Amino acid sequence: MIRTAAFNLRGKLAARPDQVERYGALIQAESEKLTTLVEQVLDFASARAGHAIRAREPVAVETLIEEGLRSIGNALPGSNVVVEKNFEPDLPLIMADQVAMKHAVQNLVENAMKYGTEGSNWIGITASRVAGRDGGAVEVRVADRGRGIPQDEQDHIFDAFFRGRRALEDQVHGTGLGLNLVKKIVEAHGGTIRVHSEPMKGAEFVFRIPAAPPELQHELAHSTG
């Protein structure tokens, strides 16, 4: 499509201003898809080689979520999607590779935008504390009110290159790598991820990341207090 659009522009087959604008927008949109494809394949190769994350540092989950949403850019306003955020107060910090975790949040939100906003423009993101040993964990939920994920596909939703029937039938652009990368990133942080979904009742992806050690939480609290 990029080659054809460029050929038409260069050959003056599209000369009117509206045609130039249309072909220019097409080249931009398709090149952005190609960039995403290349980046996901490179990230997948890196994760398979054991490099899903790099250096970790203490960070607030709320910050990661906000930065992940900003990384989506203008997609949210253009799609009329409403993101409802609900963060429990005083959440513990987590030890995270900020770039990788931001990428994971971004993938989950974009997945909800692709498959969960038909008939509803709502996406919900919550973050809460989970009690446990060694400071417990922080749980993040990304939910939508779409058509849901068929039961027989839920066991494969995190498999590399897996694409559900709806994605194939509706020709939704994607590589089938996004959720697999999310799983690898979460597990590399010592966390877990799962999905809950029922037909016509939406889908909810839930991941947990261990909290930073209590002594580090106290140390940072004193240093910023």
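Predicted, not measured: the structure shown is a model, and the values here were computed from it. (Residues numbered from 1 in each chain as written. Predicted model: local features only at pLDDT ≥ 70, side-chain atom pairs only at ≥ 80, totals over all residues. Heavy atoms only, no water.)

Caption draft 1: Quick look at the pairing of strand S5 (residues 137-144). Most of S5 sits inside the fold, with seven of its eight residues counted as buried. Bridge count between strand S4 (residues 122-130) and S5: eight bridges; the pairing is antiparallel. Bridging across to S5, Gly124 finds its partner in Ala143. Here S5 runs beside strand S7 (residues 203-210); their pairing, made up of seven bridges, is antiparallel. Each residue of the ladder has a partner; that of Ala137, found in S7, is Pro210. (Buried < 20%, exposed > 50% of the residue type's maximum accessible area, 1.4 Å probe, protein only. Helix = DSSP H or I, 4+ residues; strand = E, 2+ residues; numbered from the N terminus. Pairing = 2+ DSSP bridges.)

Caption draft 2: Spotlight on the packing of aromatic side chains. A complete count under the given rule lists one aromatic pair for this structure. Measuring from ring centre to ring centre gives 6.0 Å for Phe158 and Phe205, while their planes differ by 85°; the resulting arrangement is edge-to-face. Taken together, the residues Phe158 in the loop between helix H6 (151-154) and helix H7 (165-169) and Phe205 in strand S7 connect sequence positions 47 residues apart. Comparing Phe158 with Phe205 shows no difference in burial state: the two are buried. Above the ring of Tyr23, the side-chain terminus of Arg22 is found at 5.5 Å from the ring centroid. Directly above the aromatic system of Trp122 lies the positively charged group of Arg145, at a separation of 3.9 Å from the ring centroid. (Phe/Tyr/Trp six-rings, centres within 6.5 Å; stacked < 30°, edge-to-face > 60°. Lys NZ or Arg CZ within 6 Å of the ring centre and 35° of its normal.)

Caption draft 3: Expanded view of the pattern of salt bridges. Under the definition given, this model contains nine salt bridges. Between Arg147 and Glu118 there is a salt bridge whose closest N-O contact spans 3.4 Å. Placement of Arg147 in the loop between S5 and H6 and of Glu118 in the loop between helix H5 (98-115) and S4 is noted, with a sequence separation of 29 residues between them. With relative accessibility at 33%, the residue Arg147 sits in the partly exposed group. Salt-bridge contacts for Arg194 lead to Glu139; the nearest nitrogen and oxygen are separated by 3.8 Å. Residue Arg194 is located in strand S6 (residues 192-197), and its partner Glu139 is located in strand S5; the two are separated by 55 residues in the primary sequence. Overall, the relative accessible area of 30% leaves Arg194 in the partly exposed class. Assessed through its relative accessible area of 5%, Glu139 is described here as buried. (Salt bridge = Lys/Arg side-chain N within 4 Å of Asp/Glu carboxyl O.)

Caption draft 4: Examining the nonpolar core more closely. Among the nonpolar cores identified, the biggest contains 39 residues, and Val109, Ile123, Ile125 and Phe207 are the most heavily contacted of them. Elements represented by at least two residues in this core include exactly helix H3 (61-71), strand S3 (94-96), H5, S4, S5, helix H8 (178-188), S6 and S7. Per-element accounting of this core gives the leading share, eight residues, to H5. Leave out the neighbours within four places in its chain, and Val109 touches Leu69, Ile72, Ile123, Ile125 and Val142. (Core = buried A, V, L, I, M, F, W, Y, C linked by side-chain atoms within 4.5 Å. Contact = heavy atoms within 4.5 Å.)

Caption draft 5: Seen up close, the pairing of S4. Bridging between strand S2 (residues 82-87) and S4 involves six bridges; their strand directions are parallel. Along S4, the bridge assignment pairs Val82 with Trp122. Hairpin connection from S4 to S5: six residues lie between these consecutive antiparallel strands, with Asp134 at a positive phi of about 60°.

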